[in-house]
Each structure stands twice: as C-alpha cells, then as structure tokens.
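# Residue-level structure breakdown
Spelled out, the chains give:
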Amino acid sequence: MILIVDDTPENIFTLRTLLELHSFPTDTAASGEEALKKVLKHSYALIILDVQMPGMDGPALAVQIHQLRPMPIVLLRSIGDARSVSGRFAAILSKPIRQRTLLETLLHVLKRAPQAATIAAAGPDAEDFSALRILLVDDNPINQKVASLMLRSLQCEATIVGSGEEAVALDRVGRRLA
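Every residue gets a number counted from 1 within its own chain, in the order that chain's sequence is written. It should be noted that, the model being predicted, local features are given only for residues of pLDDT at least 70 and side-chain atom pairs only at 80 or more, the latter also being counted only at that level, while totals for whole chains, interfaces and linings use all residues. Based on all heavy atoms of the structure, the side-chain values leave hydrogens and waters out of the count.

This next bit is on the overall build of the protein chain. Of the regular secondary structure elements, the protein chain holds 7 helices and 7 strands. For the protein chain, the succession of helices and strands along the chain, N to C, is β-α-β-α-β-α-β-β-α-α-β-α-β-α. Summary of the burial criterion: residues with accessible area below 20% of their type's maximum are buried, those above 50% are exposed, and those between are partly exposed, where the area comes from a 1.4 Å probe applied to protein chains only. Out of the 178 residues in the protein chain, the part that is buried amounts to 40%. In what follows, residue pairs with any heavy atoms lying within 4.5 Å of each other are defined as contacts. A sequence separation of at least 24 residues applies to 61% of the contacts in the protein chain between residues at least 6 apart. Residue burial considers only the protein chains on display, and all accessible areas are found by Shrake-Rupley using a 1.4 Å probe. Here the protein chain displays about 10,100 Å² of accessible surface, and carbon together with sulfur accounts for 53% of that area. Think of it this way: any DSSP run of H or I at least four residues long counts as a helix, any run of E at least two long counts as a strand, and we number them from the N terminus.

Only the contacting stretch of a helix is used when fitting its axis, a line to C-alpha atoms as for every element, and angles between N-to-C directions run 0 to 180 degrees. At a closest axis distance of 10 Å, the pairing of helix H2 (residues 32-41) and helix H3 (residues 58-68) adopts a crossing angle of 15 degrees. When the axes of H2 and H3 are compared, the pair comes out roughly parallel. Judged by the twist between their axes, the crossing of H2 over H3 is right-handed. In this structure, H2 uses Gly 32, Ala 35, Leu 36, Val 39 and Leu 40 to contact H3, whose residues at the interface are Leu 61, Gln 64, Ile 65 and Leu 68. Gly counts as polar in this scheme, as do all residues outside two lists: the nonpolar Ala, Val, Leu, Ile, Met, Phe, Trp, Tyr, Cys and Pro, and the charged Asp, Glu, Lys and Arg. Across the contact of H2 with H3, the residue classes break down as 7 nonpolar, 2 polar and no charged. Geometric relationships in this document are graded by angle, where less than 35 degrees denotes roughly parallel, more than 145 denotes roughly antiparallel, 65 to 115 denotes roughly perpendicular, and other angles denote oblique. Crossings are classed by handedness, with left-handed meaning an anticlockwise turn of the near helix from the far one by less than a right angle and right-handed meaning a clockwise turn.

So, about unusual backbone geometry. Note that the residue after Lys 95, namely Pro 96, is joined by a cis bond; omega there is 0 degrees. Despite not being glycine, Ser 23 shows a phi value in the positive range, around 65 degrees. The topology assignment puts Ser 23 in the loop between helix H1 (9-21) and strand S2 (26-29).

Strand order in the open sheet made by the 5 strands is S2-S1-S3-S4-S5, with parallel pairing throughout. Since the sheet does not close on itself, it has two edges, and those belong to S2 and strand S5 (91-95), each with one partner. Sheet twist, expressed as the mean angle between neighbouring strand axes with direction ignored, is 20 degrees. Two strands pair if DSSP finds at least two bridges between them. Of the strand pairs in this sheet, strand S1 (residues 2-5) and S2 are connected by 4 bridges, and their pairing is parallel. Looking across to S2, one finds that Leu 3 is bridged to Asp 27. Of the strands in this sheet, S1, S2 and strand S3 (46-50) touch H2, which is tilted by about 140 degrees from S2. This element, H3, spans S1, S3 and strand S4 (73-78) of the sheet and lies at about 155 degrees to S3.

A few words on the pairing of strand S7 (residues 157-161). Two elements, strand S6 (residues 133-137) and S7, share 5 bridges in a ladder whose sense is parallel. What sits directly across from Arg 133, in S7, is Glu 157. Where the polypeptide runs from S6 across helix H6 (residues 141-153) and back to S7, its parallel neighbour, the crossover connection is right-handed. For the handedness criterion, the strands are oriented away from the viewer, and a crossover whose path from the first strand over the helix to the second runs clockwise is classed as right-handed.

Printed below as a string of structure tokens:
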C-alpha cells in the first residue's frame, strides 16, 4: 500500500485517483502527525510526501518515519522550491508532475524495495486502451477534468459533454460512439 501525505485535499484526491486507477492500493494522511500514527499501525511499500505542510514539513516527517520504520519516500515539491533536502528520499519530483513520470518513478522505486514486490506486481499493466472511444457525460467541470486526465493517461479517445441532452445531440449529428 502507498501512503499519500499532503495537506491539500485536491492533491490527495488527484494522486489517490491516479494510483487507484492503476491498481495501486492507497491510504492518505492530511498531516505529518496523522502520517506518523498510520506508519506505526500499518506497513507501507512507499510513501509520497508533500514538501510543504503546516506543522511538520516533508523533510522533517521523513526523518521521523525513517527512525520508526525505514521505507522508500518520494518527495513532491513545487517548481522553484530552492530549499535543500537531505538524501533520505528515493526520488524527488517537482510539481506539476506528469502522470507518466510519477507512475514510472513509483514503479522504479518499488522495484528497488524488496518489501514492495507484491504491490509492484499489481501496478500498471501493459493493456492497450487506445482503441476505446468513450462518451463521458458529467455536469461537474472538476469531474470532467479528473476523468479526462485519467482517460488520457490510458490513451483513450474521449468525448466529454455536460448533459444527456448534449450526448443525444451528438448522436443526432452523426457522431456515433460505436
């Protein structure tokens, strides 16, 4: 299982959705303190940390996690964040992160971690979804964006509309999704 630690709910949602789409089991924590409690109770194959969080930042949390239970940690930081970070990280990625870069980094880190063999085997597979044509009907722009990103990562061809009426209109003008 991968623990995602970030104080921003939108970041947690995006990371969790992407990882679960690729069959990675996840858990989340909204603070360093919550993450420490979870690390004491559960065994994680990998932890993804945000560098900047109130209370305990990512580097300080990494030190405490390694004292409790050494495990691979991937640090996420903003572009231009010039703070120095120690060598306690399996990888350091700058946000915004491309989905492919994140997934490739996680797979690389998990393959190096012996306790992560089972989660690596359950990770992204080589199925080809590029031939799929999908009609997504959702009136929520945020849902549309998240679903669009997920479908794009699978290389699916997607048509996105905001209502059932728009979907029916597409069919009427000959844009059948067969």
